[in-house]
Amino acid sequence: MNFMESFVVSVGGSMINPSSVDVEYIKEFSKIIKSVDAPKIGIVVGGGQTARTYVNSMKNFTDNDFFLDEIGIMATRLNAKIVKSSIGKLELNIPEDVNEAVKQLLIEDRIVMGGTVPGHTTDTVSVLLAEAVGIKKVYNLTSVDRVYEDDPKKNPKAKAIETMNYKEAFSISLKSYTGAGSNQFMDSVALLIAMRSGIEINLMHGKDLNNFKNALKGEKFIGTKIRAD
Ligand SMILES: Nc1ncnc2c1ncn2[C@@H]1O[C@H](COP(=O)(O)OP(=O)(O)O)[C@@H](O)[C@H]1O
Ligand SMILES: O=c1ccn([C@@H]2O[C@H](COP(=O)(O)OP(=O)(O)O)[C@@H](O)[C@H]2O)c(=O)[nH]1
C-alpha cells in the first residue's frame with residue numbers, strides 16, 4: 001500500500017483480546033501493517049479482557065488505583081508481546097516507556113508497546129509516542145464506530161460526530177470519566193497532548209479493517225476525526 005506518512009496506531013484491547021486472544025484478528029491486522037510502506041509505524045496495544053479480569057479480581061484486595069493500573073499495564077504488555085510476535089522482531093523487548101520506544105523506533109521501522117506508567121491508558125501512550133517522534137497522525141482502533149455526543153452504549157439515541165475539535169472531544173470524554181477503568185472513547189490526557197502538539201486523531205471501529213485501510217490511504221472512512229479546526 002502506497003502510504004508515505006509515519007503514524008501511530010492505538011489498538012484497543014477489546015480488538016486483540018475481547019474475551020480471549022483473537023489470533024485471526026491479529027493476523028489480519030499484521031497483514032495490513034506489513035503491506036503499508038509508511039517510514040515509521042508505532043503500534044500501541046491495550047489490555048482488553050485480561051486487564052479487566054485482573055483489575056477486577058485485584059479490587060477484592062485493594063482499591064488503590066495506582067496498583068490497579070499497574071496490573072492493567074502488565075496485561076497491555078502481554079497483549080503487545082503477542083502482537084509483536086506477528087509483526088516485529090521478538091528479540092527486541094516491549095518498550096516500558098516512551099523514551100525506550102523512541103530509541104527502538106530510530107532503529108526499527110515498526111515497534112509494538114503497551115502501557116507505561118499508572119494514571120492514563122494506552123491512548124495517552126500512543127499520543128505521547130507520536131509527540132516524541134514528531135508524528136502528526138494517530139489512528140485509534142476501538143469498540144465503537146465513531147465518537148457520539150453521549151456514550152452510545154448507555155444512550156442509543158446519541159448522535160454520532162464525524163469531525164470535531166480537541167476541546168469538544170475533551171468535554172465529551174470527561175463526561176464518562178469515572179477513575180481507573182473508565183469507559184471513555186479516549187482518555188482525556190491523550191486529548192490534551194494531541195491538542196498541544198496538533199496531532200490528528202482518527203477514531204474508528206477496529207474490527208472493520210477494510211475501513212482502517214481506507215483511512216490509511218486517505219480515503220473516506222467511517223469514523224471520527226479529531227483535530228484543531
Ligand atoms: N461519547 C462517546 N462516544 C463513543 N464511545 C463512548 C463515548 N463515551 C463513552 N464511550 C465508550 O467508550 C468505549 C471505548 O471502547 P473500549 O471498550 O474502552 O475499547 P478499547 O479501550 O479497547 O478501545 C466504548 O465502550 C463506549 O461505550
Ligand atoms: O500507560 C498505561 C496504560 C494502561 N494503564 C492501565 O491499564 C489498563 C488497560 O489499558 P487500556 O485501558 O489502554 O486498555 P484497553 O481499554 O484498550 O483494553 C488501563 O485502564 C489502566 O488501568 C496504565 O495505568 N498506564
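Shown above is the structure to which this text applies.
Quick caveat, the model's predicted, so the values are computed rather than measured.

Asker: Would you explain the site of ligand 1 in this entry?
Answerer: Around ligand 1 lies a shell of 18 residues, among which Ser14, Thr142, Ser143, Tyr148 and Asp151 are the nearest. At 2.8 Å, a backbone N or O of Tyr148 approaches a nitrogen atom of ligand 1. Asn183 places a side-chain nitrogen or oxygen 3.4 Å from an oxygen atom of ligand 1. Bound to the protein, ligand 1 loses 89% of the 570 Å² it would expose on its own. Those elements giving two or more residues to the shell around ligand 1 turn out to be helix H1 (13-16) and strand S5 (147-148). Here the residues of the shell around ligand 1 sort into six nonpolar, eight polar and four charged.

Asker: Help me understand the pattern of salt bridges in this model?
Answerer: Side-chain pairs of opposite charge can arise whenever the charged atoms involved come near each other. Applying the stated rule across the entire model yields twelve salt bridges. One salt bridge in this structure joins Glu200 and Lys225, with 3.0 Å as the shortest N-O distance. Linking Glu200 in strand S8 (residues 200-205) with Lys225 in strand S9 (residues 224-227), this pair joins segments that are 25 residues apart in sequence. Here the two residues Glu200 and Lys225 agree in accessibility, since each one is buried. Shared partners join several salt bridges into a network, and the residues in it are Glu5, Lys137, Glu200 and Lys225.

Asker: Hey, could you run me through the packing of helix H7 (residues 166-175) against helix H8 (residues 188-197) in this one?
Answerer: Relative orientation and spacing of two packed helices are given, respectively, by the angle between their axes and the distance between those axes. The contact between H7 and H8 brings their axes to 9 Å, and the two run at 170°. Classified by the angle their axes make, H7 and H8 are roughly antiparallel. Taking contact as the criterion, the partners of Tyr166, Lys167, Ala169, Phe170, Ser173 and Leu174 in H7 are, on H8, Ser188, Leu191, Leu192, Ala194 and Met195. A class-by-class count of the residues in the contact of H7 with H8 yields eight nonpolar, two polar and one charged.

Asker: Mind showing me how you'd approach helix H4 (residues 65-87) here?
Answerer: For an α-helix, 3.6 residues make a turn, and residues three or four places apart therefore share a direction. Taking 1.5 Å per residue, 23 residues should reach 33 Å; H4 reaches 32 Å between its end C-alpha atoms and fits that length. When H4 is considered as a whole, its buried residues turn out to be Leu68, Asp69, Ile71, Gly72, Ile73, Ala75, Thr76, Asn79, Ala80, Val83, Lys84 and Ile87. Two to three positions downstream of the cap, the backbone nitrogen of Phe66 sits 2.9 Å from a side-chain oxygen, assigning the N-cap of H4 to Asn64.

Rules behind the numbers
Every chain is numbered independently, its residues counted from 1 as its sequence is written. Chain labels run from A onward and ligand labels from 1 onward, assigned in the order the entries are written. With pLDDT at 70 or above as the cut-off, local features in this predicted model cover only qualifying residues; side-chain atom pairs require 80 or more to be listed or tallied, and sums for whole chains, interfaces and linings still use all residues. As a rule here, side-chain values come from all non-hydrogen atoms in the structure, and water together with hydrogens is ignored. Near residues are defined by distance, with any heavy atom within 4 Å of the molecule or strand qualifying the residue. Polar contact is defined as a pair of N or O atoms within 3.5 Å, subject to the rule that within protein one atom must be able to donate a hydrogen and the other to accept it, and that residues adjacent in sequence are counted only when both atoms are side-chain atoms. Note on areas: these come from Shrake-Rupley sampling with a 1.4 Å probe, and a residue is covered only by the protein chains present in the view. In this text, helices come from DSSP runs of H or I with a minimum length of four residues, and strands from runs of E with a minimum of two, each type numbered from the N-terminal end. Note on residue classes: Ala, Val, Leu, Ile, Met, Phe, Trp, Tyr, Cys and Pro are nonpolar, Asp, Glu, Lys and Arg are charged, and everything else, Gly too, is polar. Salt bridge, as used here: a side-chain nitrogen of Lys or Arg that lies within 4 Å of a carboxyl oxygen of Asp or Glu. Burial here depends on accessible area, computed with a 1.4 Å probe over protein chains only, as a share of the maximum for the residue type. Under 20% is buried, over 50% is exposed, and the range in between is partly exposed. For every element, the axis is a line fit to its C-alpha atoms; helices are fit only across the contacting stretch, and the angle between N-to-C directions ranges from 0 to 180 degrees. Relative orientations are named as follows: roughly parallel for angles under 35 degrees, roughly antiparallel for angles over 145 degrees, roughly perpendicular for angles from 65 to 115 degrees, and oblique for any other angle. Two residues form a contact once any of their heavy atoms are found within 4.5 Å. Take the number of residues in a helix, subtract one, and multiply by 1.5 Å to get its expected span.

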